[in-house]
Amino acid sequence: MLTLIMQEDIELSEELYSYHIVKLSFCDALRFLFSKHYKQEIQDLIFSQTFSLMKLGENVLNPFRYRPNRVIFFARWENQKSLSNFLKGHRWGLKLAQGWHITMKPIRSWGEFSGLEDIKMAKTKQMENQAVVSLTIARLKLTQVFRFTRFGKPVERQVKDIKQKRMAIVTIRPLNYFSTFSFWESEADLNNTLFGTKSDDRKEHSIAMKERMNKMFHHEFMTMRFIPIEEQGKLDL
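The rules we used
- Starting from 1, residues in each chain are numbered consecutively following that chain's sequence as written.
- A pLDDT threshold of at least 70 governs which residues receive local features in this predicted model, and a stricter bar of 80 or more applies before side-chain atom pairs are shown or counted, although totals over entire chains, interfaces and linings include all residues.
- As a rule here, side-chain values cover all heavy atoms of the structure and leave hydrogens and water aside.
- Think of a nonpolar core as a cluster: buried Ala, Val, Leu, Ile, Met, Phe, Trp, Tyr and Cys residues, connected wherever their side-chain atoms sit within 4.5 Å.
- Throughout, exposure labels follow a simple rule: accessible area from a 1.4 Å probe, protein chains only, divided by the maximum for the residue type, with under 20% read as buried, over 50% as exposed, and the rest as partly exposed.
- A run of H or I in DSSP becomes a helix once it reaches four residues, and a run of E becomes a strand once it reaches two; helices and strands are each numbered from the N terminus.
- Throughout, a residue-residue contact means that at least one pair of heavy atoms, one from each residue, lies within 4.5 Å.
- A pair of Phe, Tyr and Trp rings is counted when the ring centres sit within 6.5 Å of each other, with Trp represented by its six-membered ring. The angle between the planes then sorts it: under 30 degrees is stacked, over 60 is edge-to-face, the rest tilted.
- We treat two strands as partners when DSSP finds at least two bridges between them.
- Buriedness for pockets is judged along seven lines, at least five of which must meet protein on both sides within 12 Å for an open set on the 1 Å grid over protein atoms alone, while cavities are sets there where a 1.4 Å probe fits but cannot get out, and lining residues have an atom within 4 Å of a point.
- Grid points are joined across faces, edges and corners, and a volume is the space filled by probe spheres set on the points.

A. Spotlight on the nonpolar core. Judged by nonpolar contacts, the single largest core of 25 residues is most densely connected at Tyr19, Phe74, Met104, Leu116 and Phe181. Those elements giving two or more residues to this core turn out to be strand E3 (16-23), strand E4 (45-54), strand E5 (66-77), strand E6 (100-112), strand E8 (132-140), strand E9 (165-173), strand E10 (177-184) and strand E11 (218-232). In this structure phenylalanine 181 touches Tyr19, Trp100, Ile102, Met104, Val133, Ser134, Leu135, Met167, Ala168 and Ile169, once residues within four positions along its chain are discounted.

B. Looking closely at the packing of aromatic side chains. Going through the model one piece at a time under the given rule, you end up with 13 aromatic pairs. Taken together, a centroid distance of 3.9 Å and an interplanar angle of 15 degrees make the contact between tyrosine 19 and phenylalanine 181 stacked. Of this pair, tyrosine 19 sits in strand E3 while phenylalanine 181 sits in strand E10, and the two are 162 residues apart along the sequence. Judged by its relative accessible area of 1%, tyrosine 19 falls in the buried class. Ring geometry for tryptophan 100 against phenylalanine 181: centres 6.3 Å apart, planes inclined by 80 degrees, an arrangement best described as edge-to-face. Highlighted residues: tryptophan 100 in strand E6 and phenylalanine 181 in strand E10, separated in sequence by 81 residues. A single burial state applies to tryptophan 100 and to phenylalanine 181, both of which are buried. In textbook terms, an aromatic cluster arises when at least three aromatic residues are bridged by ring pairs, as seen for Tyr17, Tyr19, Phe47, Phe74, Trp100, Phe113, Tyr177, Phe181 and Phe226.

C. Local environment of the pairing of E6. Here E3 runs beside E6; their pairing, made up of 5 bridges, is antiparallel. Bridge pairing in E6 places tyrosine 17 opposite methionine 104.

D. Examining unusual backbone geometry more closely. Here the residue pair proline 174 and leucine 175 is connected by a cis peptide bond, since its omega of 10 degrees sits within 30 degrees of zero. Relative to the helices and strands, leucine 175 resides in the loop between E9 and E10. The residue aspartate 118 is not glycine, and still its phi comes out positive at about 55 degrees. Mapped onto the fold, aspartate 118 is located in the loop between E6 and strand E7 (123-124).

E. Geometry of the layout of surface pockets. Considered as a void within the structure, the second largest pocket measures approximately 170 Å³ in volume. Every residue along the wall of the second largest pocket is listed here: Gln80, Leu83, Ser84, Leu87, Lys88, Ala97, Gly99, His101, Thr103, Glu230, Gln232 and Gly233. Put simply, the parts of the chain that give the lining of the second largest pocket at least two residues each are helix H3 (80-89), E6 and E11. Residue contributions to the lining of the second largest pocket peak at 5 residues, all from H3.

As structure tokens, then:
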């Protein structure tokens with residue numbers, strides 16, 4: 001277990017976010033991905049979404065891009081106790097506890113997504129040199145799949161080749177839910193990757209964002225940045 005940032009450096013609300021990656025059997029992965037019943041049994045769960053892993057930067061027509069037995073679970077909790085009780089006492093929580101997860105507090109957000117309204121942002125000291133997590137979550141318009149893929153793939157390839165990240169993944173929930181997750185050594189590294197520096201003018205992300213504003217890819221879209229609090233388990237991608 002690694003403490004990633006000192007608790008006294010953050011003015012915290014009780015709310016907590018967690019991001020889980022676990023390898024399951026194919027049948028269990030399908031149940032967890034598509035069943036709605038498990039959410040009704042989880043106490044103090046404010047919001048959650050489940051995805052399957054995809055390999056960053058791979059061609060969408062390549063079957064090896066898709067990792068259907070790697071389940072991703074993103075959740076918003078009332079507090080730390082809610083998450084702990086889920087991981088120790090719920091049948092799906094016990095399975096997720098066998099994988100990797102990170103707990104986080106939000107510091108910024110852009111856009112809107114159902115279930116992620118009224119986010120309580122953590123108040124922090126200067127974060128430029130601290131580790132940071134970036135997450136996007138979107139419900140794609142099916143008529144925009146081709147455009148979304150065309151402008152999104154260069155961004156994936158760009159992020160894949162950056163050394164300053166700790167990890168970066170892209171995920172899907174069929175048919176039209178997509179999400180990205182990246183974990184960076186510092187927020188400065190993340191910003192330099194997205195927007196470039198004076199000596200390295202990276203345009204892939206800016207081009208994709210400009211195209212999104214010209215004609216929206218999504219019904220709903222949100223980008224969030226988090227302070228990572230604790231990381232547990234072994235990562236198996």
